[in-house]
Every structure is written in C-alpha cells, then in structure tokens.
Amino acid sequence: MVIERAIENWPAFDKWNLDYIKEIAGDKMVPLYDDRPVNHEDGFNEPHAKMKMSEYVDLLKAKPTKYRIFLWNVLKEVPQLQKDYNFPDFGLRLKKKLPMLFFGGTDSYTFMHYDIDMSNIFHFHFEGKKECILFAPSETKHLYKVPHSLITHESIDFTNPDFDKWPALKKANGFKTELNHGEVLYMPEGYWHYMEYKTPGFSMSLRSWPKNPINFAEGVYNVFIMRNFDILMRKLQGQKWIDKKNKKAIERTAKILSQ
C-alpha cells in the first residue's frame, strides 16, 4: 500500500533533499554498497567502499552509480534530523530508536530480499523516483530463495526476468509501484522487496515489531541463529558454501515446480 500526502505536515517534506543532506552531514563518512554478488570474504553488511557524504551526493548528481547507502541510523549519525519528522499513528507501534536512511543513484538497486527481523515497515521516500517490486511470503516457493539467507538467487533480474531460465517466476504474483517525494510505502512483515532508484534519491524506514507470533519467532531465529550459522559456514567452507546455497535455491524451487 502506498500512502499519499501522509507527511506534508513534516518539516522534512519541504526540507529534505540531497542538497540539504549534503549541507548538514557533508563531513560524515558513509558506508557504500553496490550490486556485486555475495562473496564469502565479505562480512555481514560489510561496506564495499566509504566516502564523505558530500562527495557521495556529488557523485549521485554527476552520473549513475551503483553505490548505495542502507541502514544509516538517523539517531546516531545526524541527530538534528529528528526535528524534521515525527512518528505517525498508522495503527502500529513504531520502533523509535531505529529510523534508518537509504540512498541510491540512478539505476542502483537492492537484491530481492526480506528484512531479517520480519518487521512491518513504513518506507518514506524523498527526492526523485524509486520503483518497488514486492511479493508476499506466500510466494517464496516461486522466488528461488537462497537457504540460510534473506535473498533470492542474485542472478535474477526482477525488472526483466528470464522466464526460460527461472520458470517458477511465472507463477509468482506480486506488486509493483513507484514512489515519489513524500509518499510512504507500507510493507507488511516478511514481505519480499526489490527497489530500484529511477533517479538519485533517498528514503527513511520506520519499523514495527511483527504482530504474528510465528513471524516474531522467525525474526529472533534469523538474528541470533541463522545469521551466525551462515557466517560460521562462510569461514569454514569459503565460496563453496555460497555456491552450494545458490545451487540449492535452484534445486528446491525446481522440485516445488515439478510437484
């Protein structure tokens, strides 16, 4: 669900753009991520590069770039931004200590994934346009989910899927929408999402604990068991572990499709 005109009373609605972020956070060193495949040598959420926010904003405006920022904590990094927004009453109790910012350049994108803690997410977009593709958890069996992880097979292009190579995707029913400045996307707990920046821009996510007890338990499992098990196996087996998981994603989905 996209909520329009929900935050026009926020100071952020008029103030937040890339120039403003550059002005108040230009000296901050920021972690950058691109779309390279997962490698066993990469730590969990370990950045691929770093630069000052001012340099990053200049890069976003100058040319398309694959570099993105994600999970940038507003409270920790730029406390003064808290004055520009509030926590709207959308019927869910929002986590006030976890407002996260996400930035991206033209044509940069995230892999199809769902969030590790299984939260309900309200995704507020600022400046430019962002395309979002979502699938309900019930569609997981058609999405080539990689085991012991939160992503689908990284070779899939969800903007132009090859149905001959990934036939199960033909059975997947999802949603696609475009976010503009000031619009809010609600993503229910456990929903898969792929996001592509059509123009340079950024978003803020506010989260709420999952209401479904099963999803809450899965979030706890993901954070404390699944993630640590995956990190351990990367250390023990290296790239063989990554390759094995990707192969298993194809085999499992093909088996479900054949049934």
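Each remark here, short or long, concerns the structure printed above.
Residues numbered from 1 in each chain as written. Predicted model: local features only at pLDDT ≥ 70, side-chain atom pairs only at ≥ 80, totals over all residues. Heavy atoms only, no water.

What follows concerns the pattern of salt bridges. Once their charged atoms are close, side chains differing in charge can pair, the charge on each being opposite to the other. Overall, the coordinates contain 13 salt bridges when judged by the stated rule. K15 serves as the salt-bridge partner of D84, at 2.8 Å between the closest nitrogen and oxygen. Of the two residues, D84 sits in the loop between α4 (74-77) and β5 (100-104) while K15 sits in helix α1 (residues 11-15), which places them 69 residues apart along the sequence. K129 is paired through a salt bridge with E178; the nearest N and O atoms lie 3.7 Å apart. Note that K129 is positioned in the loop between β6 (120-126) and β7 (130-135) and E178 in strand β8 (residues 174-179), a separation of 49 residues in sequence. In the salt-bridge network here, residues are joined through shared partners; they are K95, D115, D117 and R207. (Salt bridge = Lys/Arg side-chain N within 4 Å of Asp/Glu carboxyl O. Helix = DSSP H or I, 4+ residues; strand = E, 2+ residues; numbered from the N terminus.)

Turning next to a positive patch on the surface. A cluster of like positive charges, contributed by K247, K248, R252 and K255, occupies part of the molecular surface. Following the sequence through the fold, K247 ends up in helix α6 (residues 239-258). (Patch = residues over 30% accessible without salt bridge, like charges linked within 9 Å, V, L, I, M, F, W, Y side chains within 5 Å. Areas by Shrake-Rupley, 256 points an atom, 1.4 Å probe, with all protein chains shown as cover. Lys, Arg positive; Asp, Glu negative; His and termini not counted. Charge placed at Lys NZ, Arg CZ, Asp CG, Glu CD.)

Walk down a regular strand and you will see the side chains alternate between the two sheet faces. Most of strand β11 (residues 201-208) sits out of view: 8 of its 8 residues are buried. Burial along β11 is two-sided: G201, S203, S205 and R207 and F202, M204, L206 and S208, pointing in opposite directions, are all buried. Relative to β11, β5 is paired through 5 bridges, and the arrangement is antiparallel. Residue pairing for β11: G104 is matched across the bridge by G201. (Buried < 20%, exposed > 50% of the residue type's maximum accessible area, 1.4 Å probe, protein only. Pairing = 2+ DSSP bridges.)

Turning our eyes to something else, we now look at the nonpolar core. Of all hydrophobic cores here, the largest spans 36 residues; its most connected members are W16, M53 and F103. In terms of residue count, helix α3 (residues 53-62) provides more of this core than any other element does, 5 residues in total. In contact with W16, not counting residues within four places along its chain, are L81, D84, Y85, L101, F126, H181, F202 and M204. Core analysis: the next-biggest nonpolar cluster, separate from the first, contains 19 residues, A168, A172, Y194 and M226 among them. (Core = buried A, V, L, I, M, F, W, Y, C linked by side-chain atoms within 4.5 Å. Contact = heavy atoms within 4.5 Å.)

Moving on, we come to the sheet that holds β7. Sheet architecture is open: 3 strands sit in the order β8-β7-β10, paired in antiparallel fashion. Whereas interior strands pair on both sides, the edge strands pair on one side only; in this sheet they are β8 and β10 (192-197). Recorded for the sheet is a direction-independent mean angle of 15 degrees between the axes of neighbouring strands. Relative to β10, β7 is paired through 6 bridges, and the arrangement is antiparallel. Bridging from a neighbouring strand, L134 pairs with H193 of β10. (Axes fitted to C-alpha atoms, helices over the stretch in contact; angles between N-to-C directions.)

When you line up the elements, N73 lands in strand β4 (residues 68-73). N73 has contacts with V78, K97, L98, P99 and M100, leaving out every residue within four places of it along the chain.

The strands that make up a sheet pair up through hydrogen bonds in the backbone, lying either parallel or antiparallel. Taken in spatial order, the 6 strands make up an open sheet running β1-β9-β6-β11-β5-β4, and their pairing is antiparallel. The sheet is open, and its two edges are formed by β1 (2-3) and β4, each paired on a single side. Packed onto the sheet, helix α2 (residues 18-25) meets β4, β5 and β11 and runs at close to 80 degrees relative to β11.

This brings us to the packing of aromatic side chains. Applying the stated criterion across every chain, the model contains 22 aromatic pairs. Aromatic pair Y114 and W192: ring centres 4.8 Å apart, planes at 80 degrees, arrangement edge-to-face. With Y114 in the loop between β5 and β6 and W192 in strand β10, the pair connects residues that are 78 residues apart, well separated along the chain. By relative accessible area, Y114 is classed as buried at 7%. Owing to a relative accessible area of 1%, W192 belongs among the buried residues under this scheme. Between F158 and Y194, the aromatic rings sit 6.3 Å apart at their centres with planes inclined by 40 degrees, giving tilted as the arrangement. Here the residue F158 occupies a position in the loop between β7 and β8, and Y194 occupies one in strand β10, the gap between them amounting to 36 residues. For Y194, a relative accessible area of 4% corresponds to the buried category. (Phe/Tyr/Trp six-rings, centres within 6.5 Å; stacked < 30°, edge-to-face > 60°.)

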